[in-house]
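Survey of secondary and tertiary structure
Here is how the chains run, residue by residue.
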Amino acid sequence: MTQGLSNACKSGVESDVLCDIVYSVLPATWAPVIAGLISIVLILVVAFVLRNVAHRLITRVVRRASSGNASLAGRLRGRQTVQPEGLDAVAAERRRQRSETIGSVLRSVSSIVIIGTAFLTVLERLSVPIAPLLTSVGIIGVALGFGAQELVKDFIAGMFMLLEDQYGVGDVIDVGAAVGASTTGTVEAVTLRITRLRDADGRVWYVRNGTITRVGNESQGWSRATVDVPVAYSAEIPAVRELLTQVTGEMWNDPAFRDSVIVEEPQVWGIEQISDTAVVFRISVKTIPSRQAEVAREIRLRVKAALDRASITIAG
């Protein structure tokens, strides 16, 4: 160990300023050891400072990316940022989760690169031959690459999934036949290797990212609630249409649903089906992701009450 520390400044006696200062102050017996030790400490300190700076920069970039262009424009104008609502709030939350996940990966990569470089530099200062070490690491890496192809495939698929924002925690997705049958569930956790889902029965699925060939995301952007209202064939079509339009208009003007749950004014599309016993009207409502079932139930309640008041019979 002492010999290694002595060699840390041996090659730099004439050019290393720190070593020159130590050699001029301390006795020749201890100067090489102290100078080598100080040199190694400085390398480690610089490495940890660079690591902290890199983490701070990544965190700052992630925070700005998650805040979105709208808030950035507001800051440039000196105005207070308005809290997003409806789809904007969902998009802002997804952008925040995605940015934090990617930021965590970037911080880990930067730590490995910086600390690994510092470690190799210290070994070189201690006159430890690093060429055989690098060669051995390369051979081991190739062997692991052949033996862990599926693991590498999972990591690459997970990285692209995060970069492309295919889905995130809280999304309801269908992963197709990745687990032997079409599985739909809520995403509970996402890593570079696996995705954890919980289906409607409470069963937890652990799906390797490399096995997912297609994803159906039911929580991205917006959802649509469709409600079919069957009335008797003898019912007056204009009156029924006007009644349904009135019901959907009242729901659109309800502060409990507008913008916070329903993102566009509901539409009565008209007659969807017709038979000798019934006429089916269809109502369409665009909602925030995963709230379509709640909105459809509320529409059915209001339509039922309105039809009862108007004495319009619902067909079987």
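Please read all numbers here as calculations on a predicted model, not as lab measurements.

1. Some thoughts on the overall build of the protein
A tally of helices and strands in the protein yields eight helices and eight strands. A buried classification covers 35% of the 316 residues belonging to the protein. In the protein, the proportion of contacts linking residues at least 24 apart, taken out of those at least 6 apart, comes to 64%.

2. Examining the side chain of Ser223
Counting through the fold element by element, Ser223 comes out in strand β6 (residues 223-232). Beyond its immediate chain neighbours, meaning those up to four positions away, Ser223 contacts Glu218, Val285, Lys286, Thr287, Ile288, Pro289, Ser290 and Gln292.

3. Some points on the packing of helix α7 (residues 237-252) against helix α8 (residues 292-309)
Packing of α7 against α8 brings their axes to within 10 Å, and their N-to-C directions diverge by 130°. Considered as vectors, α7 and α8 are oriented oblique to each other. When you trace α7 past α8, the crossing you get is right-handed. The residues of α8 that touch α7, namely those facing Leu243, Leu244, Val247, Glu250 and Met251, are Val295, Glu298, Ile299, Arg302, Val303, Ala306 and Leu307. Counted by class, the contact of α7 with α8 contains nine nonpolar, no polar and three charged residues.

4. Comments concerning a positive patch on the surface
A grouping of Arg56, Arg60, Arg63 and Arg64 is seen on the molecular surface, where their side chains present a positively charged patch. With respect to the element layout, Arg63 can be found in helix α3 (residues 31-77).

5. Comments concerning the environment of Ile262
Inspection of the secondary structure assignment puts Ile262 in the loop between α7 and β7 (267-274). For Ile262, a relative accessible area of 0% puts it in the buried group. Sequence spacing of Ile262 and Met251 is 11 residues, and the spatial spacing of their C-alpha atoms is 9.0 Å. Setting aside residues no more than four positions away along its own chain, Ile262 makes contact with Met251, Trp252, Phe257, Val285, Lys286, Thr287 and Val295.

6. Notes on the environment of Thr59
Structurally, Thr59 is set in helix α3. Only 2.8 Å separates the side chain of Thr59 from the backbone oxygen of His55, close enough to count as a polar contact.

7. So, α8
Between its first and last C-alpha atoms α8 spans 26 Å; for 18 residues at 1.5 Å apiece the expected length is 26 Å, and the two agree. Every buried residue belonging to α8 is among Val295, Ala296, Ile299, Val303, Ala306 and Leu307, and all of these are buried. Across the axial projection of α8, the buried residues extend over an arc of 95°, all falling on one side. More than 90 degrees from the buried face of α8, the exposed residues found are Arg297, Leu301 and Arg309. The elements touched by buried residues of α8 are β6, α7 and β8 (278-287). At the exit of α8 stands Ser311, carrying a positive phi of roughly 55°.

8. Digging into unusual backbone geometry
The phi angle at Asp259 is positive, at roughly 70°, despite the residue not being glycine. Relative accessible area serves as the criterion here: at 35%, Asp259 is assigned to the partly exposed category. In this model, Ser290 sits at a positive phi of 70°, which is unusual for a non-glycine residue. Looking at the element boundaries, Ser290 is found in the loop between β8 and α8.

9. What to know about the sheet that holds β7
In spatial order, the strands read β6-β8-β7; together these three strands make up an open sheet with antiparallel pairing. Looking at which strands have only one partner, the edges of the open sheet turn out to be β6 and β7. Across the sheet, the mean angle separating the axes of adjacent strands is 25° when strand polarity is ignored. Both β6 and β8 contribute to a ladder of 10 bridges, which runs antiparallel. Each bridged residue has a counterpart across the sheet, and for Pro230 the counterpart in β8 is Val280. In the packing of α8 onto the sheet, the strands contacted are β6 and β8, and the crossing angle to β6 comes to about 25°.

10. Some words on the confidence of the model for the protein
Interpreting fine coordinate detail is not advised for predicted regions of low pLDDT. Mean pLDDT over the protein works out to 78, with 75% of the residues at or above the 70 mark. Low confidence marks residues 11-15, where pLDDT is under 50. Its contacts with residues over four positions away, or in another chain, come to five contacts. For the stretch residues 69-83, pLDDT sits under 50, and the model shows three contacts to residues farther than four places along the chain or on other chains.

11. Quick notes on α7
With 16 residues, α7 extends 22 Å between its outermost C-alpha atoms, agreeing within 8% with the 22 Å of an ideal straight helix rising 1.5 Å per residue. Of the surrounding elements, those touching the buried residues of α7 are β6, β7, β8 and α8.

12. A short note on the environment of Thr226
Mapped onto the elements of the fold, Thr226 is located in strand β6. Thr226 sits in the partly exposed class, given a relative accessible area of 39%. Along the chain, Thr226 and Ala293 lie 67 residues apart, while their C-alpha atoms are 9.1 Å from each other. When neighbours within four sequence positions are excluded, Thr226 is seen to be in contact with Ile283 and Arg300.

Thresholds applied
Residues numbered from 1 in each chain as written. Predicted model: local features only at pLDDT ≥ 70, side-chain atom pairs only at ≥ 80, totals over all residues. Heavy atoms only, no water. Helix = DSSP H or I, 4+ residues; strand = E, 2+ residues; numbered from the N terminus. Buried < 20%, exposed > 50% of the residue type's maximum accessible area, 1.4 Å probe, protein only. Contact = heavy atoms within 4.5 Å. Axes fitted to C-alpha atoms, helices over the stretch in contact; angles between N-to-C directions. Parallel < 35°, antiparallel > 145°, perpendicular 65-115°, else oblique. Left-handed = near helix turned anticlockwise from the far one by under 90°. Nonpolar A, V, L, I, M, F, W, Y, C, P; charged D, E, K, R; others polar. Patch = residues over 30% accessible without salt bridge, like charges linked within 9 Å, V, L, I, M, F, W, Y side chains within 5 Å. Areas by Shrake-Rupley, 256 points an atom, 1.4 Å probe, with all protein chains shown as cover. Salt bridge = Lys/Arg side-chain N within 4 Å of Asp/Glu carboxyl O. Lys, Arg positive; Asp, Glu negative; His and termini not counted. Charge placed at Lys NZ, Arg CZ, Asp CG, Glu CD. Polar contact = N/O pair within 3.5 Å; in protein donor to acceptor, adjacent residues only side chain to side chain. Expected span 1.5 Å × (residues − 1). Arc of directions from axis to C-beta. Pairing = 2+ DSSP bridges. pLDDT = per-residue confidence, 0-100.

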